[in-house]
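As a plain string of letters, each chain reads:
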Amino acid sequence: MQDKLTQIESEALPKVAASGSLSALREIELEYLGRKGQITQILRNISQVAPADRKVVGQGANRIRQAVESGIAERRAALEEAEVQKQLSDPGFDVTRPGIHPGRGSQHPLTQVFRQLESIFSSMGFEILDGPEVETDYYNFQALNIPEHHPARDMQDTFYVESGQVLRTHTSPVQIRAMKERQPPLRVVAPGRVFRYEVTDASHENTFHQIEGLMVDRNVSVANLTGVLQHMLREVFEREVRVRLRPGYFPFVEPGFELEFGCVFCEGSGCKVCKQGGWIELLGCGLVHPNVLRESGVDPEEFTGFAFGMGVERLAMMKYGINDIRYFMSGDLRFLRQF
Ligand code: DAH
């Protein structure tokens, strides 16, 4: 064994030094240090060495292994450097040629719109809240003044989970969570994903996004509601925008409205986007129903509030001129690369 080691020691390093290519060096590495390499074998079979010699053989083998390892590393660096020099000195090698451009990703259009909305509402003092996507019937319906047999609870638009919970059909349940968790005055927005059991087409998806807004304080009025939403639209579309309210029914607000804004594409003269009407329906809103305040622990004699819930895909579609809601969840890179 000792002889074998001496032999390896005298042979291996000169071989390494003489190797002329990276592949030849790799062969030598395997010959000595590979799984079946000569040094590896000696170390692996150390138990067969007579106990008295074991220490010397073991130490010797390890010392030689280290020497061969560092010899190989050194030789490899030298060969690699030589290879680079060789390529650089080749007259056909053009160092000024542009490299291969690494692909760069971009933010999903919805992410971009959400970031913008969050910054607009933050600048008006709104906090940004999260809520669970799997909700209880209580938060999604009951606490929002949607009684047991209300059509909104119909199996037709709600996904039920086996536990009896639902996939939230809107972001409105976060209103209740916000009021229960903190005291008025409060200003919050809750962006997030919502789900409806619906047939999909160019303007319907089973999974989409909303942003909910809620402001509760003394003397909150409809004027506060329209002021906040008009400012939001002005920022999103980067121009003055007119808004108007029409009556709308939602169980959790009284009075309830549909907010419309003057078409930013034709300035009201009539186009495809506003279906020639000059106005675009944007969102549901209203003053928070006293039942909802009371249920959430807020005294409706002392406080009033406004709330709104807006579909974010619809806003993004108008902002970017997208004509089919299904693109957002499609994962289609031809779509995504445009943003
Ligand atoms: N949650 C309603 C929906 O998904 C939208 C909505 C309407 C939210 C009126 C509100 C509101 O906060 O006041 O259709």
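Residues numbered from 1 in each chain as written. Predicted model: local features only at pLDDT ≥ 70, side-chain atom pairs only at ≥ 80, totals over all residues. Heavy atoms only, no water.

### Considerations on the overall build of the protein
Across its full length, the protein carries twelve helices and nine strands. For 339 residues, the compact-globule formula gives about 20 Å, and the C-alpha radius of gyration of the protein, at 35 Å, lies well above that figure. Taken over the C-alpha atoms alone, the protein extends approximately 100 × 60 × 40 Å along its principal axes. Intrachain contacts of the protein at a sequence separation of at least 6 include 66% that bridge at least 24 residues. Accessible surface computed for the protein: about 19000 Å², of which carbon and sulfur atoms make up 50%. Within the protein, one finds 38 positive and 45 negative side-chain charges whose respective centroids are separated by 5 Å. (Helix = DSSP H or I, 4+ residues; strand = E, 2+ residues; numbered from the N terminus. Rg over C-alpha atoms; globule rule 2.2 N^0.38 Å. Contact = heavy atoms within 4.5 Å. Areas by Shrake-Rupley, 256 points an atom, 1.4 Å probe, with all protein chains shown as cover. Lys, Arg positive; Asp, Glu negative; His and termini not counted. Charge placed at Lys NZ, Arg CZ, Asp CG, Glu CD.)

### Quick notes on the pattern of salt bridges
Within this structure, the stated rule accounts for 15 salt bridges. Here Glu 133 and Arg 193 are joined by a salt bridge, their closest N and O atoms 3.1 Å apart. Residue Glu 133 is located in the loop between strand S1 (127–128) and strand S2 (134–135), and its partner Arg 193 is located in strand S4 (residues 186–195); the two are separated by 60 residues in the primary sequence. Residue classification places Arg 193 among the partly exposed residues on the basis of a relative accessible area of 33%. With a closest N to O distance of 3.1 Å, Glu 240 and Arg 234 form a salt bridge. With a relative accessible area of 29%, Arg 234 lands in the partly exposed category. The network of salt bridges with shared partners includes Arg 26, Glu 29 and Arg 76. (Salt bridge = Lys/Arg side-chain N within 4 Å of Asp/Glu carboxyl O. Buried < 20%, exposed > 50% of the residue type's maximum accessible area, 1.4 Å probe, protein only.)

### Remarks on the domain arrangement of the protein
Looking at the assigned domains, one finds that the protein contains domain 1 (2–89) and domain 2 (109–336). Look at where the C-alpha atoms of domain 1 and domain 2 centre, and you get two points 70 Å apart. (Domains from an automatic or database assignment.)

### As for the nonpolar core
Inside soluble globular proteins, nonpolar side chains tend to come together where they are buried. In this structure, Leu 117, Phe 121, Met 232, Leu 233, Phe 261 and Leu 282 are the most contacted members of the largest nonpolar core, which totals 46 residues. Listing elements by their share of this core, those giving two or more residues are helix H5 (109–123), strand S5 (207–217), helix H8 (222–237), strand S7 (253–262), strand S8 (279–288), strand S9 (304–311) and helix H10 (312–320). Residue contacts for Phe 121: discarding those within four places in its chain leaves Phe 126, Val 189, Ile 211, Val 228, Met 232 and Phe 308. Judged by nonpolar contacts, the second largest core, of 24 residues, contains Tyr 139, Leu 144, Ala 178 and Val 288. (Core = buried A, V, L, I, M, F, W, Y, C linked by side-chain atoms within 4.5 Å.)

### Observations concerning the site of the ligand
Taken together, 15 residues form the shell around the ligand, and within it His 170, Ser 172, Arg 196, Gln 210 and Glu 212 come nearest. Contact distances for the ligand include 2.9 Å between a nitrogen atom and a side-chain N or O atom of His 170. In isolation the ligand offers 360 Å² of accessible surface; the protein chains occlude 89% of this area. Spatially, the ligand is embedded in the largest pocket. Elements supplying a minimum of two residues to the shell around the ligand: S5, S8 and S9. Classifying every residue of the shell around the ligand by side-chain character gives six nonpolar, seven polar and two charged. (Near = heavy atom within 4 Å. Polar contact = N/O pair within 3.5 Å; in protein donor to acceptor, adjacent residues only side chain to side chain. 1 Å grid on protein atoms, 1.4 Å probe; cavity = no way out; pocket = protein on both sides within 12 Å on 5 of 7 lines; lining within 4 Å. Sits in = over half its atoms within 2 Å of the grid points. Nonpolar A, V, L, I, M, F, W, Y, C, P; charged D, E, K, R; others polar.)

### Regarding helix H1 (residues 2–18)
Here H1 contains 17 residues, and its C-alpha end-to-end distance of 25 Å stays within 8% of the 24 Å for a straight helix at 1.5 Å per residue. Those residues of H1 that sit buried are Leu 5, Ile 8, Ala 12 and Val 16. (Expected span 1.5 Å × (residues − 1).)

### Thoughts on the pairing of strand S6 (residues 243–247)
Where S6 meets S7, five bridges bridge the pair, whose relative direction is antiparallel. Within S7, the residue paired with Pro 247 across the bridge is Phe 257. Taken together, S6 and the strand that follows it, S7, pair antiparallel across an intervening segment of five residues. (Pairing = 2+ DSSP bridges.)

### Here's the deal with unusual backbone geometry
Cis geometry marks the peptide bond from Pro 184 to Pro 185, where omega comes out at 5°. Tracing the backbone through its elements, the reader meets Pro 185 in the loop between helix H7 (173–181) and S4. Along the chain, Glu 254 connects to Pro 255 via a cis peptide bond; the corresponding omega equals 0°. Looking at the secondary structure, you find Pro 255 in strand S7. A positive phi angle, near 60°, is found at Asn 219, a position not held by glycine. In this fold, Asn 219 is placed in the loop between S5 and H8.

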